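Survey of secondary and tertiary structure
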Amino acid sequence: MAKTVLVAGASRGIGLEFAVQYAADGWNVIAGCRNPAQARSWLPPSVDLQPLDVTDLASIEALAAHLDAAPLDLLIINAGVSGPDAAGFVAPDLRAFDTVMHTNVLGPMRLIEAFGAKVAAAGGVVAVMSSKMGSIELAEAANALAYRCSKAAANMVVKAASCVWGPQGAIVIGLHPGWVRTDMGGPNAHLGVTESVEDLREVIADLSSGSNGSCFDYTGRMLPW
């Protein structure tokens, strides 16, 4: 029986590539997109393309109702925004701060709350797209401060969720995709989207119960919080 993956944030970039690759491998793919029309031309007809705005609770609840009793083996939470790209220690304005935190932190909280039990019942994986920039131990700069803080908070979401759904059978992890050539990563990044996602899928496939509550980069190296 084919496994099922829900990719939250599949309109473009890494999320879209996850949906494409898993569909090519015969998975049942549900692609949650803020802009379904943008993603449709890139996705095969077999992909169940659903509207999803992770900052809108009603949107998440509608997607949960759509899945209903369907099993869910893998939840990939990729939706995210970069926020202001300040070069130094600069506090963002309130609107920018709210956008980054609602998308990068509250969004994963709500998605895991909505689908965590379903993933645990399938003995599956919840993978939250994080970043090395969210690691407190590895921090060596203050640029993109709002983004850094949001990913540090998202890492706590991963850790806290692992304490709840790990004992129930799920593996909850954070993932650092590397510096990838996307709209967010920019043209100078050293990794292509296809390469990054291929590597991340290998990391996901190699997880064990001991991986629960950890963060890994695209090479499979465990990153410190």
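It is worth spelling out the pattern of salt bridges at this point. Tallied over the full model, the rule gives 2 salt bridges. Close ionic contact of aspartate 25 with arginine 201 constitutes a salt bridge, the shortest N to O distance being 2.4 Å. In this pair, aspartate 25 sits in the loop between helix H1 (13-24) and strand S2 (28-33) while arginine 201 sits in helix H6 (residues 193-205), placing the two residues 176 residues apart along the sequence. For arginine 201, a relative accessible area of 16% corresponds to the buried category. With a shortest N-O distance of 3.3 Å, aspartate 217 and arginine 221 are connected by a salt bridge. By relative accessible area, aspartate 217 is classed as buried at 5%.

Turning next to the pairing of strand S7 (residues 214-217). A regular strand carries its side chains on alternate faces of the sheet. Side chains of S7 alternate between two faces, with Ser214 and Phe216 and Cys215 and Asp217 buried alike. Relative to S7, strand S6 (residues 171-176) runs parallel, the two sharing 4 bridges. Along S7, the bridge assignment pairs histidine 176 with aspartate 217. Pairing geometry for S7 and strand S8 (residues 222-223), over 2 bridges, is antiparallel. Bridged to cysteine 215 within S8 is leucine 223. Here S7 folds back onto S8, and the loop between the two strands holds 4 residues, one of which, glycine 220, carries a positive phi near 95°.

Per the stated rule, a full pass over the model turns up 2 aromatic pairs. Ring geometry for phenylalanine 18 and tyrosine 22: centres 6.1 Å apart, planes at 10°, overall stacked. With phenylalanine 18 and tyrosine 22 both in helix H1 and 4 residues apart, the pair spans about one turn of that helix. As far as the burial class goes, phenylalanine 18 and tyrosine 22 line up, both buried. Relative to tryptophan 27, the ring of tyrosine 22 lies with its centre 4.6 Å away and its plane at 55°, an arrangement referred to as tilted. Relative accessible area serves as the criterion here: at 4%, tyrosine 22 is assigned to the buried category. Owing to a relative accessible area of 22%, tryptophan 27 belongs among the partly exposed residues under this scheme. Ring pairs connect the aromatic residues Phe18, Tyr22 and Trp27, which therefore count as one cluster. Note that arginine 201 overlies the ring of tyrosine 22, its terminal NZ or CZ placed 4.4 Å from the centroid.

Moving on to the packing of helix H3 (residues 57-67) against helix H4 (residues 94-121). Axis separation between H3 and H4 bottoms out at 9 Å; the angle between their running directions is 15°. One way to sum up the angle between H3 and H4 is to call them roughly parallel. The two elements H3 and H4 meet at a crossing, and its hand is right-handed. Only Arg110, Leu111, Ala114, Phe115 and Lys118 of H4 make contact with H3, whose side of the interface consists of Leu57, Ile60, Leu63, Ala64 and Leu67.

Attention shifts here to the sheet that holds S2. The sheet built from 8 strands is open, its strands ordered S3-S2-S1-S4-S5-S6-S7-S8 with mixed pairing. Of all strands in the sheet, those with a lone pairing partner are strand S3 (48-51) and S8, marking the two edges. Against the sheet, H4 touches strand S1 (4-8), strand S4 (74-77) and strand S5 (125-129), its axis set at about 175° to S4. Here helix H5 (residues 145-165) sits on the sheet and contacts S5, S6 and S7; the angle it forms with S6, its principal contact strand, is near 160°.

Here we come to the side chain of aspartate 53. Residue position: aspartate 53 is located in the loop between S3 and H3. Among buried Asp, Glu, Lys and Arg side chains, aspartate 53 stands out as unpaired, with arginine 34 the closest opposite charge at 4.0 Å. Within the structure, aspartate 53 has its side chain in polar contact with the side chain of threonine 55 (distance 2.7 Å). Here aspartate 53 is in contact with Arg34, Ser59 and Ile60, once residues within four sequence places are set aside.

About the cut-offs
- Residues numbered from 1 in each chain as written.
- Predicted model: local features only at pLDDT ≥ 70, side-chain atom pairs only at ≥ 80, totals over all residues.
- Heavy atoms only, no water.
- Salt bridge = Lys/Arg side-chain N within 4 Å of Asp/Glu carboxyl O.
- Helix = DSSP H or I, 4+ residues; strand = E, 2+ residues; numbered from the N terminus.
- Buried < 20%, exposed > 50% of the residue type's maximum accessible area, 1.4 Å probe, protein only.
- Pairing = 2+ DSSP bridges.
- Phe/Tyr/Trp six-rings, centres within 6.5 Å; stacked < 30°, edge-to-face > 60°.
- Lys NZ or Arg CZ within 6 Å of the ring centre and 35° of its normal.
- Axes fitted to C-alpha atoms, helices over the stretch in contact; angles between N-to-C directions.
- Parallel < 35°, antiparallel > 145°, perpendicular 65-115°, else oblique.
- Left-handed = near helix turned anticlockwise from the far one by under 90°.
- Contact = heavy atoms within 4.5 Å.
- Lys, Arg positive; Asp, Glu negative; His and termini not counted.
- Polar contact = N/O pair within 3.5 Å; in protein donor to acceptor, adjacent residues only side chain to side chain.

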